[in-house]
Amino acid sequence: MSTPTRVNIRTPEVMAQVQAQVESHYRSELVEKLRAQGGVLQAGNTTIRLAKEFGFCYGVERAIDLAYAAGKVFKDRRIFLLGEIIHNPDVNAQIEALGIHSLAAHPSDADLDNLQAEDVVIVPAFGAEVAVINAVKAHGCQIIDTTCGDVMSVWKRVRQNATERVTSIIHGKASHEETRATASRALGQDGLGHYLIVFNLEDAQAVSDFMVHGGDPSKFLARFHGTTSPGFDPLAHLERVGVANQTTMLRSETEAIQTLLREAVAKRDGGSTANFRYFDTICGATQDRQDALFQLLNESLDLLLVVGGYNSSNTTHLVEIGEQKLPTYFIRNADCIDSADSIRHFDIHAKKEITSREWLPVRAHLTVGITAGASCPNNLIEETIQKILLLRDARMED
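Reading the values: rules and limits
Every chain is numbered on its own, with residues counted from 1 as its sequence reads. Owing to the predicted nature of the model, reporting of local features is limited to residues with pLDDT of at least 70; listing and counting of side-chain atom pairs is limited to 80 or more, with chain, interface and lining totals taken over all residues. Where side-chain values are given, they derive from all heavy atoms of the structure, hydrogens and water being excluded. To define axes, lines are fitted to C-alpha atoms, for helices over the stretch in contact only, and angles between the resulting N-to-C directions are given on a 0 to 180 degree scale. Each helix is a run of DSSP H or I of at least 4 residues and each strand a run of E of at least 2, with the numbering of both proceeding from the N terminus. Oblique is the label for any angle not under 35 degrees, not over 145, and not in the 65 to 115 range, which are roughly parallel, roughly antiparallel and roughly perpendicular in turn. Any two residues having at least one pair of non-hydrogen atoms within 4.5 Å are treated as being in contact. Polar here means any residue outside two lists: the nonpolar Ala, Val, Leu, Ile, Met, Phe, Trp, Tyr, Cys and Pro, and the charged Asp, Glu, Lys and Arg; Gly therefore counts as polar. Each Phe, Tyr or Trp ring, with Trp reduced to its six-membered ring, pairs with another whose centre is within 6.5 Å; inter-plane angles below 30 degrees give stacked pairs, above 60 give edge-to-face pairs, and intermediate values give tilted ones. Partly exposed residues are those whose accessible area sits between 20% and 50% of the maximum for their type, while under 20% is buried and over 50% is exposed, using a 1.4 Å probe and protein chains only. The definitions used throughout rest on a 1 Å grid laid over the protein atoms alone, on which a cavity is an enclosed set of points accommodating a 1.4 Å probe that cannot get out and a pocket is an open set flanked by protein within 12 Å on both sides along at least five of seven lines; lining residues are those having an atom within 4 Å of a point. Grid points are joined across faces, edges and corners, and a volume is the space filled by probe spheres set on the points.

## Focus on the packing of helix 2 (residues 29-36) against helix 15 (residues 378-391)
Following both chains from N to C, one finds helix 2 and helix 15 inclined at 85°, their axes separated by 8 Å at the closest point. As far as their axial angle goes, helix 15 and helix 2 are roughly perpendicular. Mapping the contact onto sequence places E29, L30, V31, L34 and R35 in helix 2 and N378, I381, E382, I385 and Q386 in helix 15. Residue composition of the contact of helix 2 with helix 15, grouped by class: five nonpolar, two polar and three charged.

This is the structure in structure tokens:
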């Protein structure tokens, strides 16, 4: 089947239309004003403090722009999106409202058989697995690739590892679209590369122990079932290792994992670290938002609201940081705030939405910190601010 002709969907005319539409959906003049004046809003008996860095990053903005542009350029063709464009339900609902159809991130044969050569398929910001991309190409579809550049940088590293027969140890969530896409690249062009996915420091410790002390390969593989490359043999494929990561993980944890594994290689190899590789592949926007939250937490706050999609990895890590210091509530949007007495929020430990009572302290003066993940638009942040002020009967000064 012939390859579709490459189409430039980012023409000045199209992008002018896209910008106007995107701004109408996601812009907030209030949030822009607050950002410009240092992120502090004083309204009567309430102070709102925004983190210095929050909300949409460049990669997310680019992915959304390309999806909107595709809807305009290919308006007479069927357009499909692999999974979600980003991990935010409000944004994904807007994308669906454009007439863009949802295709499973890991489509079945039946899903793929439904595709036709004239169809357009959008690859989300997280990327997609090699096999999925190849299957879509086999149907002759026009592909609009919105994969974030930071994600592709990780792919470059794991491909290099595969070429040099270095096993990629990927710090990430095994079910996450980005991690699955990265793992598929870690197999290399010839499919003979290997990877192992570790979720946390506890997983990394198990790998370190096996590298230094050995162990039962069958027990090791049972522990890491579903998170290794086909044919993975811990006795052979942990000889040379390189650490990579899902770009939205917590930097401090990734650094701890790479330190642990480097030390394991040194212990095993008589002090040499020649068989260890590490490249810093944490997304800059992810790190900026984490650093900004640490800075915000140095202020005197009564509570913290983190706004974003519940399946957003980078947002979840902001919650982890916040809850170490003060009451922290992870909400999708302002609708989760039922009243001054009731809030629905996501418990990242129980992995479900729960309801908390008496969450908003009754005080003469209240200071609320707010941050948001890289997939959260400014309009949702404004709506959250307005809801807090309404509940506090606090009026903004002009």
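From this point, the narrative continues.
## Thoughts on the packing of aromatic side chains
Using the criterion set out here, one finds eight aromatic pairs in the structure. Here the aromatic rings of F210 and F220 are separated by 4.9 Å at their centres, their planes lie at 50°, and the arrangement is tilted. Of this pair, F210 sits in helix 9 (residues 201-213) while F220 sits in helix 10 (residues 217-223); the two residues are 10 residues apart in sequence, bridging distant segments of the chain. The same class applies to F210 and to F220, which are both buried. Summarising the aromatic geometry, the rings of Y329 and W359 are spaced 5.7 Å apart at their centres and angled 75° between planes, so their arrangement reads as edge-to-face. In this pair, Y329 sits in strand 12 (residues 328-331) while W359 sits in the loop between strand 14 (352-357) and strand 15 (366-372), placing the two residues 30 residues apart along the sequence. Members of the aromatic cluster, joined through ring pairs, are Y26, F56 and Y68.

## What to know about the layout of surface pockets
Put simply, the largest pocket is a space of about 550 Å³. If you go around the largest pocket, you meet 25 residues; those closest to its centre are K173, F199, T316, E320 and K351. For the lining of the largest pocket, the element with the highest residue contribution is helix 14 (residues 313-323), accounting for six residues.

## A look at the environment of I64
Inspection of the secondary structure puts I64 in helix 3 (residues 58-73). Since its relative accessible area comes to 1%, I64 is described here as buried. Setting aside its immediate chain neighbours within four residues, I64 contacts V22, Y26, F56, I86 and V91.

Keep in mind these values describe shape, not function.
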